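# Secondary and tertiary structure notes
Letter by letter, the chains look like this.
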Amino acid sequence: MGEGLRGSIETTGLTMIYRSGKVEVPAIREINLTVGPGEFVAIMGPSGCGKSTLLHLLGGLVRPTRGQVLIDGIDIAKLSDAERTAVRREKVGYIFQRFNLLPNISARANIELAKRIHGNGHANLYKDDHILALLGIKEKIGFRPTELSGGEQQRVAIARAVINQPSILLADEPTGNLDSHNSRLVLTLLQDLNQRLGQTIVMITHDSEAASMANHVIEMRDGRILARTHHFVYEPEFEGLF
Ligand SMILES: Nc1ncnc2c1ncn2[C@@H]1O[C@H](COP(=O)(O)OP(=O)(O)OP(=O)(O)O)[C@@H](O)[C@H]1O
Ligand SMILES: [Mg+2]
C-alpha cells in the first residue's frame, strides 16, 4: 500500500508481548497483514488468540512491542501518544468489545462527544437521525448507558463509532450481544458503509453469518494468522503469505 491511500492498513512483523511482573504473554506474533482501502475483513478465532489485541494495535490504541502499523502509509507505531491519537481521531472509528460508553451521561451525549472530538470533514452519507433509526435506538437516546440493556448499549457504541463515517472502522464483536434481528440491522449498516461509502472495515466475530458479509476471513490462532480465505473459499496459495 502506498502513501495517501484512503483507509489502508498494513502491518509488518507486528508483535505484542504483555508483561505482568516476570511473566511474558506473547499475544501477537510477527503478523504481516494488508487491508486495502474499501476492504471488509472479518477476524475469527478462539478466545484468547489475540483478536482484540490485534485490533487495538491496528487502531493505535496501544503501541506494539515490535513491528510496524501503517495507516494510510503513516507508521503509527513510531508516533508519540499525542500524534497517534490525532491519526486515530482523523481516520478510525472503533467499536469496543466492552462498549466503553461513559456511564453517567446520556446516549445522545456519548455520541455528541464523539462528534466533537473527531470533528467534521468526514463523509456524510447518512444523517445522524438515520443512523439512530437504522440501529433502532432513536427512542433510547435520552437514556444513560446504565439504564440501557447490553444490546442497546452495543448499538449506541456502534452509532458513536460510525456517526462520523471515518475511512476505517474497527469493530470488536459488534453483534456479540445482539439477537438475530438486531444483528442483521447492524450487519446491513456495516455492509452499506463498506459498499456505498467505501469504508474499510475490520470486524472481529464469532458468528459465521456475520463473517460471510466480509470479503475476506482471517483465521487467528495463538497470536498468528493461520489462513486468509476469500468468501469462505479456501485458497491454499494464500497459506503462509499472511
Ligand atoms: N492488558 C493485558 N495485560 C496482559 N495480558 C493481556 C492483556 N490483554 C490481553 N492479554 C492476554 O493476551 C491474550 C490475547 O487476548 P485478547 O483479548 O487479544 O484475546 P481475544 O482473541 O480478543 O479473546 P476473546 O475472544 O475472548 O475476546 C490473552 O492471553 C490475554 O490474557
Ligand atoms: Mg476480544
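Above this text sits the structure in question.
The rules behind these values
Residues numbered from 1 in each chain as written. Chains lettered and ligands numbered in written order. Predicted model: local features only at pLDDT ≥ 70, side-chain atom pairs only at ≥ 80, totals over all residues. Heavy atoms only, no water. Helix = DSSP H or I, 4+ residues; strand = E, 2+ residues; numbered from the N terminus. Rg over C-alpha atoms; globule rule 2.2 N^0.38 Å. Buried < 20%, exposed > 50% of the residue type's maximum accessible area, 1.4 Å probe, protein only. Areas by Shrake-Rupley, 256 points an atom, 1.4 Å probe, with all protein chains shown as cover. Axes fitted to C-alpha atoms, helices over the stretch in contact; angles between N-to-C directions. Parallel < 35°, antiparallel > 145°, perpendicular 65-115°, else oblique. Left-handed = near helix turned anticlockwise from the far one by under 90°. Contact = heavy atoms within 4.5 Å. Expected span 1.5 Å × (residues − 1). Nonpolar A, V, L, I, M, F, W, Y, C, P; charged D, E, K, R; others polar. Near = heavy atom within 4 Å. Polar contact = N/O pair within 3.5 Å; in protein donor to acceptor, adjacent residues only side chain to side chain. Donors = N, O, S within 2.8 Å, 3.2 Å for Na, K, Ca; no water. Salt bridge = Lys/Arg side-chain N within 4 Å of Asp/Glu carboxyl O.

Once that is clear, we can look at the overall build of the chain. Each helix and strand in the chain was counted, giving seven helices and 10 strands. For the chain, whose C-alpha radius of gyration is 17 Å, the value lies close to the compact-globule estimate of 18 Å for 242 residues. Taken along its principal axes, the extent of the C-alpha atoms in the chain is 50 × 40 × 40 Å. The buried share of the chain, taken over its 242 residues, is 49%. Carbon and sulfur atoms provide 50% of the accessible area of the chain, an area that totals close to 11300 Å².

Turning to the packing of helix 3 (residues 107-118) against helix 5 (residues 150-162), a few remarks are in order. Axis separation between helix 3 and helix 5 bottoms out at 8 Å; the angle between their running directions is 25°. As judged from the angle between their axes, helix 3 and helix 5 are roughly parallel. Helix 5 is crossed by helix 3, and the crossing has right-handed handedness. Each of Ala107, Asn110, Ile111 and Ala114 in helix 3 lies in contact with helix 5, whose residues at this interface are Val156, Ala159 and Arg160.

Our focus in this paragraph is helix 5. The terminal C-alpha atoms of helix 5 lie 18 Å apart, and with 13 residues this matches the ideal 18 Å at 1.5 Å per residue to within 8%. Burial runs high along helix 5: 12 of the 13 residues are buried. Turning to helix 5, its buried residues number three or more, namely Gly151, Glu152, Gln153, Gln154, Arg155, Val156, Ala157, Ile158, Ala159, Arg160, Ala161 and Val162. Elements that come into contact with the buried residues of helix 5 comprise strand 6 (92-95), helix 3, helix 4 (128-134), strand 7 (168-172) and helix 6 (180-197).

Let us now look at the packing of helix 5 against helix 6. To characterise two packed helices, one gives the angle between the axes of the helices and the distance between these axes. Close contact between helix 5 and helix 6 brings their axes to 12 Å; oriented N to C, the two are set at 10°. Classed by the angle they form, the pair helix 5 and helix 6 counts as roughly parallel. Residue-level contacts link Arg155, Ile158 and Val162 of helix 5 to Asn182, Val186, Leu189 and Leu193 of helix 6. Of the residues assigned to the contact of helix 5 with helix 6, the class counts are five nonpolar, one polar and one charged.

Here the focus is the site of ligand 1. Neighbouring ligand 1 are 14 residues; Ser47, Gly48, Lys51, Thr53 and Gln97 lie closest to it. Within the side chain of Tyr18, one N or O atom sits 3.5 Å away from a nitrogen atom of ligand 1. Take Lys51: an N or O atom from its side chain is 2.8 Å from an oxygen atom of ligand 1. About the coverage of ligand 1: the protein hides 61% of its 640 Å² of free accessible area. For the shell around ligand 1, the secondary-structure elements that each account for two or more residues are strand 2 (23-35) and helix 1 (51-58). Here the shell around ligand 1 is built from residues that sort into five nonpolar, seven polar and two charged.

If you trace the backbone, Asn110 turns up in helix 3. A residue is classified by how much of its surface remains accessible, and Asn110, at 2% relative accessible area, is buried. When near neighbours in sequence (up to four residues on either side) are disregarded, Asn110 contacts Leu101, Leu102, Ile105, Pro145 and Arg160.

This part covers the coordination of the magnesium ion (ligand 2). The protein atoms that coordinate the magnesium ion (ligand 2) are Ser52 (OG) and Gln97 (OE1), at distances spanning 2.0 to 2.3 Å. Residue Ser52 is found in helix 1, and its partner Gln97 is found in the loop between strand 6 and helix 3; the two are separated by 45 residues along the sequence. Residue class for Gln97 comes out partly exposed when judged on its relative accessible area of 31%.

This paragraph deals with the pattern of salt bridges. In this structure the tally under the stated criterion is 14 salt bridges. The salt bridge partner of Glu209 is Arg184, with a shortest N-O separation of 3.7 Å. Of the two residues, Glu209 is situated in helix 7 (residues 208-211) and Arg184 in helix 6; the sequence distance between them amounts to 25 residues. According to the relative accessible area criterion, Glu209 is partly exposed, its value standing at 43%. Residue classification places Arg184 among the partly exposed positions, given a relative accessible area of 44%.

Treat this as a map of the structure, not an account of what it does.
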